[in-house]
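Listed here are the chains, written in short residue letters.
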Amino acid sequence: MLAGLRTRARLVVVALGLGGCGLYSSPATTLVPHSDFGNVSHRIFLQILWWDVGIFVVVAAVLLWVVFRFRERDSQVVPAQIRGNAKLELAWTLAPVVILAVIAFPTVAAVFRTQAGVPANALRVRVTGHQWWWQFEYPELGVATGTELHLPAGRPVALDVSSVDVIHSFWIPQLGGKRDTIPGQINHIVLTPTTVGVFHGQCAEFCGASHANMRIVGVVQSPADFDAWVARQKAPPAVPADGTPAATGLKVFQSQACVGCHTIQGVSGGIVGPDLTHVGSRLTIAGGMLANTPADLAQWLGNPPAVKPGSIMPNLHLSEADVQALVAYLGSLK
Ligand code: CUA
């Protein structure tokens, strides 16, 4: 409990630090796009924002003029009683029509632009929402991971998004495009990341107890770094040397319920939870809630639902020794 509070306090400090100047430096900012999709939406946002500023200035000026020009000067005098003014009524009907048309043209154009077909050289990624974590599969590369979406900068990517349980919504604000993930249906996001970096995302559709804990870490890499990552992910998992704590951890993994839910290539084939073949190489665990450190991993394994309310991974009531052995084994799966 205390450890949980400490983690939360740490996250708050990190969030405040990252928050810094607020709008632009927040990890969930939409104001600093890093993909073509993000740039298209951002341009429209700015266009509409400036038009809105113009409209606000005109409306506020007219309002102020009316307030002062027609204020009550003498409470005994009844003002002129006017009813109907064809010109005015025509004007305030047509003006919004023009404004909406001016907003609609670039918006519809952007919708078509961002919904265009999948380019031939696009990298395909199957994105699946689970209560409460994200699964990323690269069918052409034979790679599967959880929470952490690796993408090469400069290459179009086609995200085929769906869900296994309820409706979620995939969203990495700085990469643009938010899409509902619906069971039995595949929606698409096509985008080209433009900048190398780590971009945070979050499920954007309320989906149950741990909706807020369903995070995404978008890792955009140079093509060479991405290829190296793919090569590491395709490699078979580390095999612990006899007599090491990791070897004990492998035995614990195989003797506990872990095997029923998780895949580790060549060790187990569960598909309920994330593929753990290279879990040690990830930045975060527990759907992005915790850092991938031995202490945080021990906390997670010790009582998953206490960390992530409603977690499908139950409290297995592992002994402290078993937890430490698992931490050694999972940490070795780089
Ligand atoms: Cu998944 Cu909210």
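Rules used in this analysis
- Residues numbered from 1 in each chain as written.
- Predicted model: local features only at pLDDT ≥ 70, side-chain atom pairs only at ≥ 80, totals over all residues.
- Heavy atoms only, no water.
- Helix = DSSP H or I, 4+ residues; strand = E, 2+ residues; numbered from the N terminus.
- Rg over C-alpha atoms; globule rule 2.2 N^0.38 Å.
- Buried < 20%, exposed > 50% of the residue type's maximum accessible area, 1.4 Å probe, protein only.
- Contact = heavy atoms within 4.5 Å.
- Lys, Arg positive; Asp, Glu negative; His and termini not counted.
- Charge placed at Lys NZ, Arg CZ, Asp CG, Glu CD.
- Core = buried A, V, L, I, M, F, W, Y, C linked by side-chain atoms within 4.5 Å.
- Pairing = 2+ DSSP bridges.
- Axes fitted to C-alpha atoms, helices over the stretch in contact; angles between N-to-C directions.
- Patch = residues over 30% accessible without salt bridge, like charges linked within 9 Å, V, L, I, M, F, W, Y side chains within 5 Å.
- Areas by Shrake-Rupley, 256 points an atom, 1.4 Å probe, with all protein chains shown as cover.
- Salt bridge = Lys/Arg side-chain N within 4 Å of Asp/Glu carboxyl O.

Colleague: Quick question: what am I supposed to make of the overall build of the chain here?
Modeller: A tally of helices and strands in the chain yields nine helices and 14 strands. Whereas a compact globule of 334 residues would reach a radius of gyration of roughly 20 Å, the chain reaches 27 Å, over 25% beyond that. Each principal axis of the C-alpha atoms in the chain carries an extent, and together these give about 100 × 50 × 35 Å. Out of the 334 residues belonging to the chain, those deemed buried represent 40%. Across the chain, every contact between residues at least 6 apart in sequence was considered, and the portion connecting residues at least 24 apart equals 62%. Taking the 22 positively charged and 19 negatively charged side chains of the chain as two groups, their mean positions are separated by 6 Å.

Colleague: For this particular structure, what's the right way to read the nonpolar core?
Modeller: The biggest cluster of nonpolar side chains holds 29 residues, and the ones touching the most others in it are Val125, Phe136, Tyr138, Leu149, Leu159 and Phe170. Those elements giving two or more residues to this core turn out to be strand S1 (123-130), strand S2 (133-138), strand S4 (148-152), strand S5 (157-163), strand S8 (187-191), strand S10 (215-221) and helix H4 (223-234). Ignoring any residue separated from it by four or fewer positions in sequence, one finds Phe136 in contact with Val125, Arg126, Val127, Val143, Ala144, Thr145, Gly146, Thr147, Glu148, Leu149, Phe170 and Ile216. Residues Val252, Leu318, Ala325 and Leu330 belong to the second largest nonpolar core, which totals 25 residues.

Colleague: What's the story with the sheet that holds S4 in this structure? I'm lost.
Modeller: As summarised here, the arrangement of the three strands in space is S4-S10-S9, forming an open sheet in which the pairing is mixed. The open sheet has two edge strands with one neighbour each: S4 and strand S9 (197-202). Along the sheet, successive strands turn relative to each other by an average axial angle of 25°, direction set aside. Helix-sheet contacts for H4 involve S4 and S10, and the interaxial angle to S4 is about 135°.

Colleague: For this particular structure, what's the right way to read a nonpolar patch on the surface?
Modeller: Judged by side-chain polarity, Phe45, Leu46, Leu49, Trp50, Val53, Phe56 and Val57 come together as a nonpolar surface patch covering roughly 680 Å² of accessible area. Structurally, the position occupied by Phe56 is in helix H2 (residues 36-69). For Phe56, a relative accessible area of 59% puts it in the exposed group.

Colleague: Could you clarify how one ought to interpret the side chain of Thr181 in this entry?
Modeller: Along the polypeptide, Thr181 turns up in strand S7 (residues 178-181). For Thr181, a relative accessible area of 0% gives the class buried. If near-sequence neighbours (up to four positions away) are discounted, Thr181 is found in contact with Gly129, Trp134, Val161, Ser162, Ser163, Val166, Ile167, His168, Ser169 and Phe170.

Colleague: Looking at this model, I keep getting lost on the sheet that holds S5. Mind explaining?
Modeller: Adjacent strands of a sheet pair through backbone hydrogen bonds, lying either parallel or antiparallel. The strand order across the open sheet formed by five strands is S3-S2-S1-S5-S8, and the pairing between neighbours is mixed. Each edge of the open sheet carries a strand with a single partner, namely strand S3 (143-146) and S8. Pairs of neighbouring strands in the sheet enclose a mean axial angle of 20°, with direction left out of account. The pairing of S2 with S3 spans four bridges and is classified as antiparallel. Within S3, the position partnered with Tyr138 by the bridge is Val143. Sheet strands in contact with H4 are S1, S2 and S3, and its direction is about 95° off that of S3.

Colleague: Is there a simple way to think about unusual backbone geometry in this case?
Modeller: Glycine aside, a negative phi is what most residues show, and trans is what most peptide bonds show. At the junction of Gln131 and Trp132, the peptide bond is cis and its omega measures out at 0° in the coordinates. Mapping Trp132 onto the fold places it in the loop between S1 and S2. Of note, Ala286 is a non-glycine position whose phi angle comes to about 55°, a positive value. Relative to the assigned elements, Ala286 resides in the loop between strand S13 (284-285) and strand S14 (290-291). For Ala286, a relative accessible area of 8% corresponds to the buried category.

Colleague: Would you mind showing me how to read the pairing of strand S6 (residues 168-171) here?
Modeller: Where S6 lies against S7, four bridges are found, and the strand directions are antiparallel. By the bridge assignment, Ser169 is partnered in S7 with Asp180. Between S6 and the antiparallel strand that follows it, S7, lie six residues; Gly176 among them carries a positive phi value of about 80°.

Colleague: It is not clear to me how the pattern of salt bridges should be interpreted in this structure. Could you clarify?
Modeller: Pairing of side chains with opposite charge becomes possible as their charged atoms draw close. Inspection of the entire model under this criterion finds two salt bridges. The salt bridge involving Asp160 is made with Arg124; its shortest N-O contact spans 3.1 Å. Of this pair, Asp160 sits in strand S5 while Arg124 sits in strand S1, and the two are 36 residues apart along the sequence. A relative accessible area of 14% places Asp160 in the buried class.

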